[in-house]
Amino acid sequence: MDFMGAYGGLRTAAAHSARQRTGMVLCLIALLALPALNGVGLCAQTRTISGTVRDAATNELLPAATIRLAGSSRGTLTNARGEFQFPLYQAPAVLVVSYVGYKTDSLDLASVDAAQSLSIRLQPISIQLPGVTVTDEDPAYEIIRRAIEHKRQWMQSLERFEGKAFTRMTLRSDTSIASITESYSTLFWSQHDTLREVITQTRKTGNLPAGFQASNVGAIMNFNDDEIPQLGFRFTGPTAPSAFDYYDYKLLRTRVQDDFDVYDIQLLPRSRSTPLFYGRISIAERSYAVVEVDVRPNEAFVIPFIKLNGVRYRQHFSLYENRFWLPADYRTEGSLSVSFAGLKMPAIGLEKDVVIYDYAINPVFADSISVMKLVTYDSSANRLDSAFWAQTNVLPLTDEQERAYSTLDSTQTLERKFKPSGAAVALAGAATGSILGFIDVYFNRVEGLHLGVDHAFVRVGGLVDLRAMLGYGTSDKVWKYSAGVTFPFGWEKRASVSSGFSSASSSARQFAIGGDVYRTLGLLPEEKPYSFFSNSVAALVSKLDYYDYYEREGWKTALSYHPMPVTSTSIEYKSEENRSLLQHTDYSILGRSRRYRQQPVIDDGHLRAVTVSLSYGQRLLLNFMPQAFVFDAGIEYADRGTLGGDYSYKRYTVSAQAKVRTMGADLLFPQSLYIKASLGTSGGSLPLQRTFDILSGLGGYGQIGTFKGLKPHEFQGDWFASLNLEHNFRRAPFLWLGITPLYETNWEFIATASCARAANNSLLYYEAGVGINNIFDLLRVDLTWRFTSPGGFVFSLSLADLISGLL
């Protein structure tokens, strides 16, 4: 279900930007007008047949009844009110109307007036309940066995198909329809490739901006498949070969459709941690194919920050060539609400209807199909063809949807209907303001309160990147500044990666050259595990200033090469004065009785050095991907005889971060092991400001990849080695322990273990602990045991991993 696409669409629509590319409504294909002969003469124009389908006994309207043109693959369905419309390109013709549990009816259209509204009544067929004979197993198990065996035969024979599709996405607020988007498309599916889609016509309600595109079919939901992907989860299909390991089955009843039985079977998931469905499936007697579905996901379908309500999937299948049961439609519905500390968004109701028709089975595809984009917008897609929409109406609008098209205008934007609220929204609005977005404010024991501006300007004039910073310390009374320019050139490389929950794209020119001049603070350690904001809070509250500082004044220039968007190499030369700095303030709000850690004196002098570095990996989604790898390496060289300056040394660093999926591969966020290994060594006389430092906690605050039991700068020197291991078991331990209330939350159980060694300490440092992540979807707490003397427990609090990744 396109819940994330819907939410992404709301954000982009609210911004009214040119990048409004999220899916809201989908695709389908334009009907091809076929010349036809009338039984009496030429048919000069298309006739549109409309009407309703009802239960003949109760007069109840039948939604999703199948309407097919006899002798063809063309057809449609009734909408939620049992209404249908069908374009007729030739006559005479026979319309076949069917519904599971009812006797199929047919209608000769040669005698039907186009202006006439048909009222088709289907006769219900008797339902047989399963017998009461006591056996070792329910009869449903044998039916499922046959379904598993039979589908291997007919599904393997389905190599390709071409078809047309219609998609409608309806968003709802609490009280009314918020938007509608619709599209027609042509589908090309191959067993050994994927789905390719050409969107030919789209339309939407008047409150959606011009750049708001209809979402595409993307991946056809098919409940005959062994695996059914949804939003990054991989659900086990009801007739998968391994289905008996995951489902219990119960035969509810037997119905009749035409001359064969249809078995209604109840699905009962056997696991709460594996993505499964519960509800009803219907299986045809002779082919043993799934022909109808009405199911909901189980408790494993959980997404951080998003509460899903009433999610329901329904699907019907039609028989083609008397052999292949293919999806005639599918409908998803439900609602989502986004809420975590500081932000709340109104609930969004979502209904997505997809109708697939005009199948061509195993056609020969042109070679060009396999190299098409997954989704292609035809040149006619966004030019509204009123005549086409008037004549072609695969799924009629309900009265409420008709009113939405006539009443929703540009004043009723999605931004207004789904406007988020909360403190986080106010802060974000301030941070992105035209003036506040430049402000650079923080606090430390050297500068006191730093006030300044800092901003980067990307692709100025389409050619260069500019950056500038200017700031003043109220305690040290010294101006800091930096200014730089980068000229990207060469071919542009693009790449994108998606985790299901989030996606990121990146691009880079093949080369870039640039330089900077500056007078700024240098940091120890230089890795900067904590933001200036976090460090400022710790300093002001309890006089915990994580960093040591020195002054850097000079210039640098660098040349970089990007053979791929996720790979970069660079060579940098810098010439700068390094000077010791003094502590200039002892101020804090709450910790006035404490003293700041002593500010060290560095090895003052002029540094001239060449640095060569290599970087690989997509850092943007490290917290979101089930598997990822990031690698960094660098060599820094300074020599008085060759480069001049006051220092001679070689400094080598290597760091690798990996995330490995361990269990729960079918989940959006599977159980995973995070590994971080770092190594640094040096030769020559390494100055204090270039020594290595093992990253530690910050007064009860500890980010992932840091040693939570260490004190700042406790292990440092001219070489070091460290290893961090962290396994996220997600919610599984709560289920194993039978703690149902915790399993039903989004809390995650984490186990950690880390060890390190540095030059200034002969001891091997190691620690281990446990943590709970996603408390209130915002926080993480860890309890860590420090094994190295002095040992003991350390409690730490930090932002939840996903929040940290987003920041």
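Worth saying up front: this structure is predicted, and the values here are computed from it rather than measured.

The rules behind these values
Residues numbered from 1 in each chain as written. Predicted model: local features only at pLDDT ≥ 70, side-chain atom pairs only at ≥ 80, totals over all residues. Heavy atoms only, no water. Helix = DSSP H or I, 4+ residues; strand = E, 2+ residues; numbered from the N terminus. Buried < 20%, exposed > 50% of the residue type's maximum accessible area, 1.4 Å probe, protein only. Contact = heavy atoms within 4.5 Å. Pairing = 2+ DSSP bridges. Axes fitted to C-alpha atoms, helices over the stretch in contact; angles between N-to-C directions. 1 Å grid on protein atoms, 1.4 Å probe; cavity = no way out; pocket = protein on both sides within 12 Å on 5 of 7 lines; lining within 4 Å. Points joined across faces, edges and corners; volume = space filled by probe spheres on them. Nonpolar A, V, L, I, M, F, W, Y, C, P; charged D, E, K, R; others polar. Expected span 1.5 Å × (residues − 1). Bend = angle between axes of the 7 residues up to and from the residue. Polar contact = N/O pair within 3.5 Å; in protein donor to acceptor, adjacent residues only side chain to side chain. Core = buried A, V, L, I, M, F, W, Y, C linked by side-chain atoms within 4.5 Å. Phe/Tyr/Trp six-rings, centres within 6.5 Å; stacked < 30°, edge-to-face > 60°. Salt bridge = Lys/Arg side-chain N within 4 Å of Asp/Glu carboxyl O. Patch = residues over 30% accessible without salt bridge, like charges linked within 9 Å, V, L, I, M, F, W, Y side chains within 5 Å. Areas by Shrake-Rupley, 256 points an atom, 1.4 Å probe, with all protein chains shown as cover.

Enquirer: Could you clarify how one ought to interpret the overall build of the protein in this entry?
Expert: The number of helices and strands found in the protein is 10 helices and 39 strands. Across the 807 residues of the protein, 49% fall into the buried class. Of the contacts made within the protein by residues no fewer than 6 positions apart, 64% connect residues no fewer than 24 positions apart.

Enquirer: Can you help me understand the sheet that holds strand E6 (residues 105–108) in this one?
Expert: Spatial ordering of the open sheet is given by E3-E2-E5-E6, a layout of four strands whose pairing is antiparallel. Edge positions in the open sheet fall to strand E3 (75–77) and E6, since each of these has one partner strand only. In this sheet, neighbouring strand axes are inclined to one another by 20° on average, regardless of whether the strands run parallel or antiparallel.

Enquirer: Would you mind going over empty space enclosed by the protein with me for this structure?
Expert: If a probe the size of a water molecule is rolled over the atoms, the empty space left behind becomes visible. Tallied over the full model, the rule gives four cavities of 30 Å³ or more. Estimates place the volume of the largest cavity at around 90 Å³. Only strand E35 (720–728) and strand E36 (748–758) provide two or more residues apiece to the lining of the largest cavity. Partitioned by chemical class, the residues of the lining of the largest cavity number four nonpolar, six polar and three charged.

Enquirer: Help me understand helix H2 (residues 139–156), please; the structure alone is not making it clear to me.
Expert: Every α-helix carries 3.6 residues per turn, so stepping three or four residues along brings you back to the same face. Between its first and last C-alpha, H2 extends 27 Å over 18 residues, near the 26 Å set by a 1.5 Å rise per residue. The largest bend in H2 amounts to roughly 30° and is located at histidine 150. N-capping of H2 is provided by aspartate 138, with a side-chain oxygen placed 2.9 Å from the backbone N of alanine 140.

Enquirer: Can you walk me through the environment of phenylalanine 533 in this structure?
Expert: One can find phenylalanine 533 in helix H7 (residues 532–542). Phenylalanine 533 gets classed as exposed once you look at its relative accessible area, which sits at 65%. Considering only alpha carbons, one finds phenylalanine 533 and aspartate 440, 93 residues apart in sequence, at a separation of 9.9 Å.

Enquirer: Quick question: what am I supposed to make of the nonpolar core here?
Expert: Note that soluble globular proteins tend to have their nonpolar side chains buried in a common cluster. If you look at the biggest cluster of nonpolar residues, it comprises 78 residues, and the most contacted ones within it are Phe223, Tyr249, Ile265, Phe277 and Ile283. Considering every element that reaches this core, the biggest residue donor is H2, with seven residues. If we skip the residues at most four places from it in the chain, isoleucine 283 touches Ile143, Ile144, Ala147, Thr239, Asp261, Val262, Tyr263, Ile265, Tyr288, Ala289, Val290 and Val291. By size, the runner-up hydrophobic cluster in this structure holds 18 residues, among which are Leu62, Leu88, Tyr102 and Leu109.

Enquirer: Is there a simple way to explain the packing of aromatic side chains in this structure?
Expert: Two aromatic rings, taken as a pair, are described by how far apart their centres are and by the angle between their planes. Considering all chains together, one arrives at 40 aromatic pairs under this definition. Judged by centre distance (5.4 Å) and plane angle (15°), the ring pair of phenylalanine 489 and phenylalanine 511 falls under stacked. One end of the pair, phenylalanine 489, is in strand E25 (residues 479–498); the other, phenylalanine 511, is in strand E26 (residues 503–524), and 22 residues separate them in sequence. When the centroid spacing of 6.4 Å and the interplanar angle of 75° are considered together, the rings of phenylalanine 729 and tryptophan 736 count as edge-to-face. The exposure class of tryptophan 736 is exposed, given its relative accessible area of 56%.

Enquirer: Quick question: what am I supposed to make of the pattern of salt bridges here?
Expert: Side chains that differ in charge, positive against negative, can pair when their charged atoms come close. Applying the stated rule across the entire model yields 46 salt bridges. When the shortest N-O distance is used, the salt bridge between arginine 160 and glutamate 159 registers 3.4 Å. For arginine 160, a relative accessible area of 23% corresponds to the partly exposed category. Here arginine 690 and glutamate 636 are joined by a salt bridge, their closest N and O atoms 2.6 Å apart. Here arginine 690, found in the loop between strand E32 (671–684) and strand E33 (692–693), pairs with glutamate 636, found in strand E30 (residues 628–638); they are 54 residues apart in sequence, far enough to count as distant. The pair formed by arginine 690 and glutamate 636 is uniform in burial state, with each residue classed as buried. One connected set of salt bridges, linked through shared partners, spans Arg172, Arg314, Arg331, Glu333, Glu351, Asp353 and Glu400.

Enquirer: Explanation requested: the pairing of strand E9 (residues 177–190) in the structure shown.
Expert: Strand residues, when the strand is regular, have side chains that alternate between the two faces of the sheet. E9 sits mainly inside the fold: 13 of its 14 residues count as buried. Bridge count between strand E8 (residues 160–172) and E9: 13 bridges; the pairing is antiparallel. Note that in E9 the partner of threonine 167 across the bridge is serine 183. Between the end of E8 and the start of E9, which pair antiparallel, lie four residues. Between E9 and the antiparallel strand that follows it, strand E10 (residues 195–204), lie four residues.

Enquirer: Is there a simple way to think about a nonpolar patch on the surface in this case?
Expert: Together, Leu764, Tyr766, Val770, Leu783, Trp785, Phe787, Phe793, Phe795 and Leu797 make up an exposed nonpolar region whose accessible area comes to about 870 Å². Going through the elements one at a time, strand E37 (761–775), strand E38 (779–786) and strand E39 (792–799) are the ones with two or more residues in the nonpolar patch. Here valine 770 lies in strand E37. When its relative accessible area of 39% is taken as the criterion, valine 770 is described as partly exposed.

Enquirer: Which parts of the structure should I look at to understand unusual backbone geometry?
Expert: Leave glycine aside and you will find that most residues have negative phi; peptide bonds, for their part, are mostly trans. Of the consecutive residues leucine 524 and proline 525, the connecting peptide bond is found in the cis state with omega at 0°. Within the secondary structure, proline 525 is located in the loop between E26 and H7. Omega for the bond connecting serine 789 with proline 790 falls within 30 degrees of zero, at -5°, which places this linkage in the cis form. Within the fold, proline 790 resides in the loop between E38 and E39. For glutamate 321, which is not glycine, the phi dihedral falls at a positive 55°.

Limitation: the analysis is restricted to geometry and does not speak to function.
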